[in-house]
Amino acid sequence: MKLTKRLGRTTGAIASVITSIPARAQDSLGDPAGSGAIVSAVRWLEGTLLGTIATVVAVIAVASVGFLMLTGRINWRYGATVIIGCFIIFGAASIVGGIQSTAGAGF
């Protein structure tokens, strides 16, 4: 019960901060002049970290933590943390897109 109350307060606080601070998406402005190399390097890094390498590491992490949880060598809270971390890593683009669309919806 305490966790649901805490999550409710946290969610409410985040929603009030998002709706009270005016924010505008920077997509319409484009990239600054001379940043083509930096932008392409960051996109390469993103593709590498969210591509095959990240998938293999996530599969190994979930499998090993699942095996440790199955044998009773690790607590369930740590196992859930690893799995939730994988969801956040692979869903980061969707999460940021949702935040940007919510922030830009009022304008």
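In this text the structure is predicted, and so the values were computed from the model without any measurement.

Colleague: Even after reading the chapter, I still don't get the overall build of the protein, so can you show me in this structure?
Modeller: Tallying secondary structure elements over the protein gives 5 helices and 0 strands in all. Walking the protein from its N terminus toward its C terminus, one meets helices and strands in the order α-α-α-α-α. For the protein, buried positions account for 10% of its 107 residues. Carbon and sulfur atoms provide 70% of the accessible area of the protein, an area that totals close to 8600 Å².

Colleague: Honestly, the packing of helix 2 (residues 36-50) against helix 3 (residues 52-71) in this entry has me stumped. Any pointers?
Modeller: Helix packing for two helices is described by the angle between their axes and how far apart those axes are. At a minimum axis separation of 3 Å, helix 2 and helix 3 run at an interaxial angle of 30°. The orientation of helix 2 with respect to helix 3, classified from their angle, is roughly parallel. Counting all contacts with helix 2, which are made through T48, L49 and L50, the residues of helix 3 involved are T52, I53, A54 and T55.

Colleague: What is the right way to look at helix 4 (residues 76-90) in this model?
Modeller: Because each turn of an α-helix spans 3.6 residues, side chains separated by three or four positions end up pointing in the same direction. For helix 4, which comprises 15 residues, the first-to-last C-alpha distance of 21 Å matches the rise-based estimate of 21 Å (1.5 Å per residue) to within 8%. Every buried residue of helix 4 is listed here: G79, V82 and C86. Projected down its long axis, helix 4 shows its buried positions confined to an angular sector of 60°, all on one face. Among the exposed residues of helix 4, those oriented more than 90 degrees off its buried face are W76, R77 and F87.

Colleague: Could you clarify how one ought to interpret the packing of helix 3 against helix 4 in this entry?
Modeller: Where helix 3 contacts helix 4, the two axes come as close as 9 Å, and the packing angle between them is 165°. Considering the angle they form, helix 3 stands roughly antiparallel to helix 4. The crossing of helix 3 and helix 4 is left-handed. Counting all contacts with helix 3, which are made through A54, T55, A58, A61, V62, V65 and M69, the residues of helix 4 involved are W76, Y78, G79, V82, I83, C86 and F90. Within the contact of helix 3 with helix 4, the residues separate by chemical class into 12 nonpolar, 2 polar and no charged.

Colleague: What is the right way to look at a nonpolar patch on the surface in this model?
Modeller: Taken together, W44, L45, L49, L50, I89 and F90 make up a surface patch of nonpolar side chains, about 610 Å² in accessible area. For the nonpolar patch, the elements supplying multiple residues, two or more each, are helix 2 and helix 4. With 4 residues, the single largest contributor to the nonpolar patch is helix 2. Within the secondary structure, L49 is located in helix 2. In this structure L49 comes out as partly exposed when scored by relative accessible area, which is 48%.

Colleague: It is not clear to me how the environment of T48 should be interpreted in this structure. Could you clarify?
Modeller: With respect to the helices, strands and loops of the structure, T48 is situated in helix 2. According to the relative accessible area criterion, T48 is partly exposed, its value standing at 22%. Look past the residues within four positions of T48 in its chain and what remains in contact with it is I53 and A54.

Conventions and cut-offs
- Residues numbered from 1 in each chain as written.
- Predicted model: local features only at pLDDT ≥ 70, side-chain atom pairs only at ≥ 80, totals over all residues.
- Heavy atoms only, no water.
- Helix = DSSP H or I, 4+ residues; strand = E, 2+ residues; numbered from the N terminus.
- Buried < 20%, exposed > 50% of the residue type's maximum accessible area, 1.4 Å probe, protein only.
- Areas by Shrake-Rupley, 256 points an atom, 1.4 Å probe, with all protein chains shown as cover.
- Axes fitted to C-alpha atoms, helices over the stretch in contact; angles between N-to-C directions.
- Parallel < 35°, antiparallel > 145°, perpendicular 65-115°, else oblique.
- Contact = heavy atoms within 4.5 Å.
- Expected span 1.5 Å × (residues − 1).
- Arc of directions from axis to C-beta.
- Left-handed = near helix turned anticlockwise from the far one by under 90°.
- Nonpolar A, V, L, I, M, F, W, Y, C, P; charged D, E, K, R; others polar.
- Patch = residues over 30% accessible without salt bridge, like charges linked within 9 Å, V, L, I, M, F, W, Y side chains within 5 Å.
- Salt bridge = Lys/Arg side-chain N within 4 Å of Asp/Glu carboxyl O.

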